[in-house]
Amino acid sequence: MNKDLTQGAPQKVLWAFCLPMFGSIIFQQLYNIADSLVAGRFIGENALAAVGNSYNITLIFIAFAFGCNIGCSVIVSQLFGAKDYRTMKTAVYTTLLASGVLCAALMLIGLLSCRGLLALMKTQPEIMEDSALYLVIYLWGLPFLFFYNIATGIFSALGDSKTPFIFLAISSTANILVDILFVKSFSMGISGVAWATFLCQGVSCICSLFLVLKRLIKIETAGRVRIFSWELLGKIAIVAVPSILQQSFISVGNMMIQGCINSFGVSVAAGYSAAVKLNNLVITSFTTIGNGISNFSAQNLGARQYGRIREGFRAGLKLVWCLCVPFCFVYVVFGKYLLLLFMDESSSAALLTGQQFLWILSPFYFVISVKLVADGILRGVSAMRQFVIATFTDLILRVVLAFVLSGWMGSSIGIWCAWPVGWTIAMGLSVFFYRRQSMLTARK
């Protein structure tokens, strides 16, 4: 059901809208967590390291899909808030066509360069073949990733966060079962992990795309709806390209950091692979709530209700901090037992690496969550230059400090310490830019 986010108490509306999005991302992360869990428990430590190694490259492609999602979502939200339904439909069709072309190009580039990218990350010889195999199968499923992300972006723009949640709950649960079936029963190894994700995400994509197009058809519009618009593509790109660059550079930075991690051996790489999945569950949850705040801000910007945007920021902070408390507590106190889902007690070096990572990062979730809420507002009001500056500052600091501190300390702990520094400084920038943007909109 479509929902107008410009009506009702902002905190109540935002929480009702964002909580299903949080549930959706929990299930979305189960895709990646399931791959690592099954690889680590049923295949071995090398397979766990291979999945984690490949994951850093897949994040580049996810960045493009995410950019298309947020670009379409923000513009469609603004048009939906302004009740310009005919232009809104054109924006959707334009995104689908342009994303199809972009996806085909990325598939070709990825298939031709995947081994070269793995070599750049100093992938160990013992996990190179498994890493490459996982990555190639993943790339063949790239269209499913792209169009599913666009469909969920459209649902969110229309104020519907529950439908994507239902799709993800079903498909991610199925993915876990199919993972185990392919690996344990059919003995397919690392390829079984990849094919399970391919099949489950494919079904989810087709169903969600069919439903979102059906819903758009039901929205009545006067006059002929154009299938493509260069003008709208430009507006979408203004939001999408910075988001793509942000996520892509973060992925490239992660690849550089992965290279540094790989220099400490397979056990450290395996421990990081498990721990970073738990960390990404939190960060992606905050990012998704930030996306919901973007939709809320965009609809209210289109309706010229600027005061509601500021109220949305305060409500968003309360929401993410409510999530920070249990995540931080569980990771600090029970992190070891969560890591044991991916490995056994015999992988003692990997287990210690994962614990150190979680102990250092999790207390700073309160910091990064503030940044991601402020970023959500900046994206929603199309203040992309400020958004990119804050994000790139975080990335550059984390990459540089990872190499400097790990070399100085002679340990992978130096890499983990780079995260809190980057998060803290970038948070300060994002909040500064949000406050300045808020003052500008207040004068309108």
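Use the structure listed above.
These notes cover the structure that comes with them. Position numbers for residues start from 1 in each chain and track the written sequence from start to end. A pLDDT threshold of at least 70 governs which residues receive local features in this predicted model, and a stricter bar of 80 or more applies before side-chain atom pairs are shown or counted, although totals over entire chains, interfaces and linings include all residues. Excluding hydrogens and water, the side-chain figures rest on all heavy atoms present in the structure.

## Remarks on helix α12 (residues 365-380)
Condition: Helix and strand labels come from DSSP, where a helix needs a run of H or I of at least four residues and a strand needs a run of E of at least two; each type is numbered from the N terminus. Expected span of a helix: the number of residues minus one, times 1.5 Å. Three labels apply to residues, based on accessible area from a 1.4 Å probe with only protein chains included: buried if under 20% of the type maximum, exposed if over 50%, partly exposed otherwise in between.
The first and last C-alpha atoms of α12 sit 22 Å apart over 16 residues, in line with the 22 Å expected at 1.5 Å per residue. For α12, a buried count of 15 out of 16 residues is recorded, marking the element as mostly surrounded by other parts of the structure.

## Some words on the packing of helix α5 (residues 142-157) against helix α7 (residues 190-218)
What counts here: Axes here refer to lines fitted to C-alpha atoms; in helices the fit is confined to the stretch in contact. Angles between the N-to-C directions go from 0 to 180 degrees. Angle categories are assigned with fixed cut-offs, so that under 35 degrees is roughly parallel, over 145 is roughly antiparallel, 65 to 115 is roughly perpendicular, and the rest are oblique. It is the rotation of the near helix from the far one that decides the hand of a crossing: anticlockwise by less than a right angle makes it left-handed, clockwise makes it right-handed. We call two residues contacting when some pair of their heavy atoms lies within 4.5 Å. Classification used: nonpolar for Ala, Val, Leu, Ile, Met, Phe, Trp, Tyr, Cys and Pro, charged for Asp, Glu, Lys and Arg, polar for all others including Gly.
Where α5 contacts α7, the axes come no closer than 8 Å and their chain directions differ by 40°. In terms of their interaxial angle, α5 and α7 are classed as oblique. In this structure, α5 crosses over α7, and the sense of that crossing is left-handed. In contact with P143, F144, L145, F147, Y148, A151, I154 and F155 of α5, α7 contributes F198, Q201, G202, S204, C205, S208, L209, L211, V212 and R215. Residue composition of the contact of α5 with α7, grouped by class: 13 nonpolar, four polar and one charged.

## A look at the packing of α12 against helix α13 (residues 384-409)
Packing of α12 against α13 leaves a shortest axis separation of 8 Å and a crossing angle of 155°. By the angle class used here, α12 and α13 are roughly antiparallel. Taken as a pair, α12 and α13 cross one another with a handedness that is left-handed. On the side of α12, the interface is formed by K371, D375, L378 and R379, while α13 contributes M384, Q386, F387, A390 and T391.

## Quick notes on the side chain of S73
The line we're drawing: Pairs of N or O atoms are called polar contacts if they sit within 3.5 Å, as long as, within protein, a hydrogen donor faces a hydrogen acceptor (for residues adjacent in sequence, only side-chain-to-side-chain pairs).
The residue S73 is located in helix α2 (residues 45-81) in this model. A relative accessible area of 1% means that S73 is categorised as buried. A polar atom in the side chain of S73 sits 3.1 Å from the backbone oxygen of G153. Contacts of S73, omitting those with residues within four sequence positions, involve G153, S156, A157 and N295.

## Thoughts on the packing of aromatic side chains
Here is the rule: Paired rings are identified among Phe, Tyr and Trp, the last through its six-membered ring, by centres lying within 6.5 Å, and are further divided according to the angle between planes into stacked (under 30 degrees), edge-to-face (over 60) and tilted (the rest).
Across all of its chains, the model carries 18 aromatic pairs by this definition. Summarising the aromatic geometry, the rings of F228 and W230 are spaced 5.0 Å apart at their centres and angled 85° between planes, so their arrangement reads as edge-to-face. Under the relative-accessibility criterion, W230 is labelled exposed at 67%. Each ring, one from F432 and one from F433, has its centre 5.6 Å from the other, and the planes form 55°; the classification is tilted. According to the relative accessible area criterion, F432 is partly exposed, its value standing at 47%. One aromatic cluster is present, built from ring pairs that chain together F286, F327, Y331, Y365 and W423.

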